[in-house]
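Residue strings, one per chain:
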Amino acid sequence: MSLHTHFIPSLIVFLLSCPSYYSLPGISEASGYDALAGRVFPWYPSTIQGRNFGSKIMSSKMGRSLAAVKTFNVNDYGAKGDGSDATEAFNNAWKAACSSSQGSVLVVPKNKNYLLKPITFEGPCKSSIAVQIYGTLQASADRSAYSKDLTRWLVFENVQNLAVEGGGTINGNGKIWWENSCKVNDDLPCKDAPTALTFYNCKNLVVKNLKIQNAQKMHVSFEKCVGVEVSGLTITASADSPNTDGIHVTRTQNIKISSSVIGTGDDCISIVSGSQKVQATGITCGPGHGISIGSLGDGNSEAHVSDVTVNGATLTGTTNGVRIKTWQGGSGSASNIKFQNIEMHNVKNPIIIDQKYCDQDKPCKSQSRAVQVQNVLYQNIKGTSSSSEAIQIDCSEKFPCKGIVLQGIDLRVGGKAAKAECNNAKITEKGNVSPSCT
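Residues numbered from 1 in each chain as written. Predicted model: local features only at pLDDT ≥ 70, side-chain atom pairs only at ≥ 80, totals over all residues. Heavy atoms only, no water.

### Regarding the pairing of strand β25 (residues 389-394)
Phase 1 of the analysis: Relative to β25, strand β23 (residues 351-357) runs parallel, the two sharing 4 bridges. By the bridge assignment for β25, Ile-353 is matched with Ile-393.
Phase 2 of the analysis: For β25 and strand β28 (residues 419-423), the ladder comprises 5 bridges, and the chain directions are parallel. Following the sheet pairing, Ile-393 is matched in β28 by Cys-422. (Pairing = 2+ DSSP bridges. Helix = DSSP H or I, 4+ residues; strand = E, 2+ residues; numbered from the N terminus.)

### What about unusual backbone geometry?
Trans peptide bonds make up most of the peptide bonds, and negative phi angles are found at most residues other than glycine.
Phase 1 of the analysis: Geometrically, the link from Gly-286 to Pro-287 is a cis peptide bond, its omega value of 0° lying close to zero.
Phase 2 of the analysis: Residue placement: Pro-287 occurs in the loop between β18 (275-285) and β19 (291-296).
Phase 3 of the analysis: Cis geometry marks the peptide bond from Ser-434 to Pro-435, where omega comes out at 5°.
Phase 4 of the analysis: You can see Pro-435 is positioned in the segment after β29 (425-434).
Phase 5 of the analysis: With a phi angle near 60°, Asn-254 is a residue other than glycine that sits in the positive phi range.
Phase 6 of the analysis: Looking at where Asn-254 falls in the secondary structure, it is placed in strand β16 (residues 253-263).
Phase 7 of the analysis: Positive phi outside glycine occurs at Asn-346, with the angle close to 55°.
Phase 8 of the analysis: Locating Asn-346 in the fold gives a position in strand β22 (residues 331-347).

### Section: the sheet that holds strand β17 (residues 269-271)
Adjacent strands of a sheet form backbone hydrogen bonds with each other and so pair up, either parallel or antiparallel.
Phase 1 of the analysis: Sheet architecture is open: 11 strands sit in the order β5-β8-β11-β13-β15-β17-β19-β21-β23-β25-β28, paired in parallel fashion. Strands at the two margins of the open sheet, each flanked by one partner only, are β5 (119-122) and β28. On average, each strand axis in the sheet is tilted by 15° relative to the strand beside it, whichever way the strands run.
Phase 2 of the analysis: Against the sheet, helix α4 (residues 87-98) touches β5 and β8 (152-157), its axis set at about 5° to β5. (Axes fitted to C-alpha atoms, helices over the stretch in contact; angles between N-to-C directions. Contact = heavy atoms within 4.5 Å.)

### With respect to the pattern of salt bridges
Phase 1 of the analysis: According to the stated counting rule, one finds 8 salt bridges in the structure shown.
Phase 2 of the analysis: The closest approach of N and O atoms between Asp-192 and Lys-217, which form a salt bridge, is 3.0 Å. Placement of the pair is Asp-192 in the loop between α5 (175-179) and β11 (195-200) and Lys-217 in the loop between β12 (203-213) and β13 (220-223), with a sequence separation of 25 residues.
Phase 3 of the analysis: Residue Asp-192 is classed as partly exposed on the basis of its relative accessible area, which comes to 37%.
Phase 4 of the analysis: The exposure class assigned to Lys-217 is partly exposed, which follows from its relative accessible area of 24%. (Salt bridge = Lys/Arg side-chain N within 4 Å of Asp/Glu carboxyl O. Buried < 20%, exposed > 50% of the residue type's maximum accessible area, 1.4 Å probe, protein only.)

### Re the side chain of Ser-333
Phase 1 of the analysis: Structurally, the position occupied by Ser-333 is in strand β22.
Phase 2 of the analysis: Taking relative accessible area as the criterion, Ser-333 reaches 15% and is therefore assigned buried.
Phase 3 of the analysis: Here the side chain of Ser-333 touches His-304 through a polar contact of 3.4 Å, side chain to side chain.
Phase 4 of the analysis: If near-sequence neighbours (up to four positions away) are discounted, Ser-333 is found in contact with Ala-303, His-304, Val-305, Val-371 and Gln-372. (Polar contact = N/O pair within 3.5 Å; in protein donor to acceptor, adjacent residues only side chain to side chain.)

### Comments concerning the environment of Ile-427
Phase 1 of the analysis: Summarising the element assignment, Ile-427 is placed in strand β29.
Phase 2 of the analysis: Put simply, Ile-427 and Cys-401 are 26 residues apart on the chain and 8.3 Å apart in space, counted from C-alpha to C-alpha.
Phase 3 of the analysis: The contacts of Ile-427, once residues within four sequence positions are left out, are Ile-393, Ile-404, Leu-406, Cys-422 and Cys-437.

### Structural notes on the environment of Asp-394
Phase 1 of the analysis: Summarising the element assignment, Asp-394 is placed in strand β25.
Phase 2 of the analysis: Here the alpha-carbon distance between Asp-394 and Cys-422, two residues 28 residues apart in the chain, equals 5.9 Å.
Phase 3 of the analysis: For Asp-394, the contacting residues outside a window of four places in its chain are Ile-353, Asp-354, Gln-355, Lys-356 and Asn-423.

### Regarding empty space enclosed by the protein
Where empty space is left becomes clear once a probe the size of a water molecule has been rolled over the atoms.
Phase 1 of the analysis: In the structure shown here, the tally under the stated rule is 1 cavity of 30 Å³ or more.
Phase 2 of the analysis: If you add up the space inside the largest cavity, you get close to 80 Å³.
Phase 3 of the analysis: Looking at the largest cavity, the residues that line it are Phe-90, Trp-94, Leu-106, Val-108, Phe-121, Val-131, Ile-133, Leu-137, Leu-154, Phe-156, Ile-170 and Leu-197.
Phase 4 of the analysis: Going through the elements one at a time, α4, β3 (104-108), β6 (129-133) and β8 are the ones with two or more residues in the lining of the largest cavity.
Phase 5 of the analysis: Its residues assigned to classes, the lining of the largest cavity comprises 12 nonpolar, no polar and no charged. (1 Å grid on protein atoms, 1.4 Å probe; cavity = no way out; pocket = protein on both sides within 12 Å on 5 of 7 lines; lining within 4 Å. Points joined across faces, edges and corners; volume = space filled by probe spheres on them. Nonpolar A, V, L, I, M, F, W, Y, C, P; charged D, E, K, R; others polar.)

These figures capture arrangement, not role.
Dropping the structure here:
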């Protein structure tokens with residue numbers, strides 16, 4: 001093993017255990033260093049791959065020696081990586097890493113396949129922790145293994161200062177769940193299915209460079225989290241897989257999603273109630289149902305989403321583009337939302353606000369209450385629509401949409417101008433807007 005290989009894990013643990021050195025000379029957000037990741041995980045994004053950062057540490061006069069490495073390899077706890085059940089080994093390895101008073105690294109080796117039943121990696125942990133997934137995590141296909149909780153497979157819960165990355169694969173083995181979905185077979189009763197990867201009540205979280213595929217239901221969900229950086233995810237499932245949202249955000253604040261490729265059978269990104277300060281940039285979406293805020297207000301509930309920015313996305317062949325969807329009878333608001341610099345390629349319903357969303361077999365009854373949609377900007381959105389109506393804004397008569405701005409819109413269908421259908425909305429158009437609501 002090279003000196004560099006020995007040095008990097010020690011450097012990681014040293015920095016984890018020495019928060020006074022989190023801010024280092026010459027490392028800044030302007031130089032490409034991520035602010036959140038640098039504050040919590042100082043080796044991101046370039047410590048492992050780049051050597052300059054390590055050289056700066058070595059050459060500085062810190063007056064301290066490097067801490068002993070604290071690496072926890074799942075194989076050392078009995079995991080074989082041959083496709084056999086590794087749930088107990090992963091649980092024991094996590095407990096050891098989480099209870100370490102020093103920063104710890106949990107390693108899932110490369111070129112190995114680990115079968116896992118539902119498992120919760122629970123905190124709080126005694127120090128910061130990184131989970132390096134180099135191999136493959138594969139869900140058990142035995143549906144009876146989920147008898148205690150049908151809604152989750154892999155869960156990180158109540159963990160602060162957590163990084164999950166490594167370039168490996170998380171495979172939800174979802175085909176058996178899709179085949180037994182009422183959305184695929186009308187004769188079957190509707191039952192829940194597990195989200196492949198859930199982060200619940202986590203703070204200061206980095207999730208990057210992972211392949212997540214064939215989830216039983218949603219692929220990755222951030223629930224009740226604060227301070228999240230997501231990047232470099234590749235999320236895939238067949239276009240006809242039911243309810244397989246790529247990234248789901250609920251009751252989460254301060255989350256940035258970037259440089260990710262998502263193609264599934266449902267929303268590429270879905271943002272629902274309780275979420276604030278959500279950013280998405282550099283997103284490639286398709287197949288799927290587009291990028292959605294909502295649905296909100298189902299079951300006459302109160303919902304709030306605010307300060308969402310999607311800036312820089314390419315959508316191809318999706319059944320919706322950028323969408324806000326709310327149920328009749330709900331309350332609350334969806335406000336301060338920006339969709340900017342987006343390319344559409346053969347997208348059905350490229351721009352849509354639907355305050356009369358109804359996802360059930362029976363028609364939804366007309367109701368006067370609605371989630372208020374206000375202060376929404378659509379800017380520099382261009383490309384092609386597969387539907388004749390490229391803009392559909394259908395708002396409530398009692399709670400009309402307010403502050404909707406269309407700026408620099410150019411959407412066409414079959415080389416010709418598309419149409420716009422806009423009802424019960426106060427809309428301002430700036431610059432060239434085609435199709436126009438006026």
